[in-house]
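Given next are the chains, with one letter for each unit.
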Amino acid sequence: MTKADYIPELSEVRMERRAPEAPFRLETEDHVYVHGCLRQVEAAFGLDAFPGVPFDAISGRALIQRFIVWWRTLEPETPQQAEAHAQLPGAIRLLDTVSAFLEERARRG
């Protein structure tokens, strides 16, 4: 179900570092997509990523880091798991795009 020996790639480390320490403030459609991805992976794999923490309070950095680790370590065994796992790259790219936008906006500040 999970791979034990995961070593992050440099691009993954950069994505995590670029992500905000505060929660992401996403547009409605993006919020629904990313929140749905989180809950779908949790349900399919029997996980609870952020126990007791509402989605809107999860650090952006922690969220993208969790998605990256899941993408690289979870090994789907059922169709539901495969479907949930397949959503992770899109959510990671979306969050990284938002992070890059926030970073650029802060530079122009």
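About the cut-offs
Residues numbered from 1 in each chain as written. Predicted model: local features only at pLDDT ≥ 70, side-chain atom pairs only at ≥ 80, totals over all residues. Heavy atoms only, no water. Axes fitted to C-alpha atoms, helices over the stretch in contact; angles between N-to-C directions. Helix = DSSP H or I, 4+ residues; strand = E, 2+ residues; numbered from the N terminus. Left-handed = near helix turned anticlockwise from the far one by under 90°. Contact = heavy atoms within 4.5 Å. Expected span 1.5 Å × (residues − 1). Buried < 20%, exposed > 50% of the residue type's maximum accessible area, 1.4 Å probe, protein only. Arc of directions from axis to C-beta.

Enquirer: Is there a simple way to explain the packing of helix H3 (residues 60–73) against helix H4 (residues 79–108) in this structure?
Expert: Two packed helices can be described by the angle between their axes and the distance between those axes. The N-to-C vectors of H3 and H4 enclose an angle of 145°; their axes lie 9 Å apart at closest approach. Note on packing geometry: the crossing formed by H3 with H4 is left-handed. For the pair H3 and H4, contact is made by Leu63, Ile64, Phe67, Ile68, Trp70 and Trp71 and by His85, Leu88, Pro89, Ala91, Ile92, Leu95 and Asp96, respectively.

Enquirer: Can you walk me through helix H2 (residues 28–45) in this structure?
Expert: It helps to recall that an α-helix has 3.6 residues per turn; residues three or four apart then point in one direction. If you check H2, its first and last C-alpha atoms are 26 Å apart, about what 18 residues at 1.5 Å a residue would give, namely 26 Å. Among the residues making up H2, those that are buried are Val34, Cys37, Leu38, Val41, Glu42 and Phe45. Buried residues along H2 cover an arc of 125° about the axis, so they all sit on one side. Along H2, exposed side chains directed more than 90 degrees from the buried face belong to Thr28, Glu29, Val32 and Ala43. Residues of H2 that are buried make contact with H3 and H4. Just beyond H2, the residue with positive phi is glycine 46, at close to 70°.

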